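Structural features, examined
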Amino acid sequence: ELKRLENEKRNAYVQLIAYTRQIYATQAHMRFVWELTMCETVVRCCLFHHDGVRATSNIDISESDGLKRLVTLFVHWSFSSADRLGYDTSMTRVLDTDTWEIECADRNASDESPKISKYVTASTMIKVTNLYSP
């Protein structure tokens, strides 16, 4: 979220929360979400997950060290695996349906290693938008 003034930082976070809610509502396979705020020359990287929001310290991109940190972050994101970007790789949407295929580890007492089973959801019980009010 880009804001012109540093004092609009709170508004940027409010918008990020709204965006994150929309991401979780439309992408059921997200475990966490990465987002950025930019107010004037100050950037913060935010990690939204089930128990809260974490944010980096301010990254001042008007300084060479801050710009280097931001470029490094983009490079790392570009080469990250899907699970490090927040996707739950054990879930796959079945194309042209409203169902998901989910891989689960089944462990019996006699098994040394878990067997991976695939389950397919029958339907959506309740939409996330109905669970949380805006």
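The structure presented is a predicted model; accordingly, all values stated were derived computationally and were not measured.

1. With respect to the overall build of the chain
In terms of helices and strands, the chain carries three helices and eight strands. When the helices and strands of the chain are listed from N to C terminus, the series reads β-α-β-β-β-β-α-β-β-β-α. Here the chain, with 134 residues, has 22% of them falling under the buried criterion. Put simply, of all contacts in the chain between residues at least 6 apart along the chain, 34% involve residues at least 24 apart. For the chain, the accessible area works out to roughly 9800 Å², and carbon and sulfur atoms hold 55% of it.

2. Describing the environment of E103
Following the sequence through the fold, E103 ends up in strand β7 (residues 99-106). A residue is classified by how much of its surface remains accessible, and E103, at 36% relative accessible area, is partly exposed. Taking the C-alpha atoms as reference points, E103 and K118, separated by 15 residues in sequence, lie 4.5 Å from one another. Those residues in contact with E103 that lie beyond four places of it in its chain are S90, I116, S117 and K118.

Definitions and cut-offs
Residues numbered from 1 in each chain as written. Predicted model: local features only at pLDDT ≥ 70, side-chain atom pairs only at ≥ 80, totals over all residues. Heavy atoms only, no water. Helix = DSSP H or I, 4+ residues; strand = E, 2+ residues; numbered from the N terminus. Buried < 20%, exposed > 50% of the residue type's maximum accessible area, 1.4 Å probe, protein only. Contact = heavy atoms within 4.5 Å. Areas by Shrake-Rupley, 256 points an atom, 1.4 Å probe, with all protein chains shown as cover.

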